[in-house]
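Structural description and commentary
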Amino acid sequence: MGRKKVELKRIEDKSSRLVTFSKRRNGLIKKARELSVLCDVEIGVIIFSSSGKLYEFCSNGSSYDSVWTRFSKNTRGILKGKLLLSKVLMIERSFKWIFQDLSHMQSYCK
């Protein structure tokens, strides 16, 4: 006998939603802990509840700060690249608008 598939939509009943959140949060942290031990990896999990309460897990006795510092060092180049790409796309759109305006002005002046 298998488990039934859960439809992914917001749980309307507040009490059921809080119970589900608590169980799934604990399950997620348990899986992160297992992955950390089995594969000898460093894991950081950050969860904010709907009320704004923070829950966090850091593996192997590491602190949240060390995990975050390592993450930011490793993504700095990626984030810079994405920022650069967004700036290039913004400039490209500006040039398109300028050329459209220029085209309209030229047709108006004829």
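Residues numbered from 1 in each chain as written. Predicted model: local features only at pLDDT ≥ 70, side-chain atom pairs only at ≥ 80, totals over all residues. Heavy atoms only, no water.

1. Remarks on the pairing of strand β2 (residues 54–58)
Bridge analysis of strand β1 (residues 44–48) against β2 gives 5 bridges, and the strand direction is antiparallel. Residue pairing for β2: V45 is matched across the bridge by F57. Two successive antiparallel strands, β1 and β2, enclose a turn made up of 5 residues, where G52 displays a positive phi of approximately 95°. (Pairing = 2+ DSSP bridges. Helix = DSSP H or I, 4+ residues; strand = E, 2+ residues; numbered from the N terminus.)

2. Section: the confidence of the model for the protein
Across the protein, pLDDT averages 82, with 85% of residues at or above 70. Averaged over each element, pLDDT in the protein is lowest for helix α2 (residues 64–109) (72) and highest for helix α1 (residues 14–39) (94). (pLDDT = per-residue confidence, 0-100.)

3. Quick word on the environment of S49
Its location among the elements puts S49 in the loop between β1 and β2. Given a relative accessible area of 13%, S49 falls into the buried group. When the C-alpha positions of S49 and F21 are compared, they lie 8.1 Å apart, and in sequence the two are 28 residues distant. Those residues in contact with S49, other than ones at most four positions away along the chain, are F21 and Y55. (Buried < 20%, exposed > 50% of the residue type's maximum accessible area, 1.4 Å probe, protein only. Contact = heavy atoms within 4.5 Å.)

4. Section: α1
The periodicity of an α-helix, 3.6 residues per turn, causes residues three or four positions apart to be oriented the same way. Between its first and last C-alpha, α1 extends 37 Å over 26 residues, near the 38 Å set by a 1.5 Å rise per residue. The complete set of buried residues in α1 reads R25, I29, A32 and S36. Those residues of α1 that are buried lie in contact with β1 and β2. Directly after α1, the chain includes D40, whose backbone phi takes a positive value near 50°. (Expected span 1.5 Å × (residues − 1).)

5. A word on the side chain of S59
For S59, the position within the fold is in the loop between β2 and α2. S59 sits in the buried class, given a relative accessible area of 1%. A distance of 3.4 Å separates a polar side-chain atom of S59 from the backbone oxygen of V41. At a separation of 2.6 Å, a polar atom in the side chain of S59 contacts the main-chain amide nitrogen of I43. In this structure S59 touches S36, V41, E42 and I43, once residues within four positions along its chain are discounted. (Polar contact = N/O pair within 3.5 Å; in protein donor to acceptor, adjacent residues only side chain to side chain.)

6. Focus on the pattern of salt bridges
This structure, assessed with the given rule, holds 3 salt bridges. Linking R10 and E12 is a salt bridge whose minimum nitrogen-to-oxygen distance equals 3.4 Å. E12 carries the same exposure label as R10, and that label is exposed. The shortest N-O distance in the salt bridge between E42 and R70 comes to 2.5 Å. Of this pair, E42 sits in the loop between α1 and β1 while R70 sits in helix α2, and the two are 28 residues apart along the sequence. Among the residues examined, E42 registers a relative accessible area of 34% and is labelled partly exposed. (Salt bridge = Lys/Arg side-chain N within 4 Å of Asp/Glu carboxyl O.)

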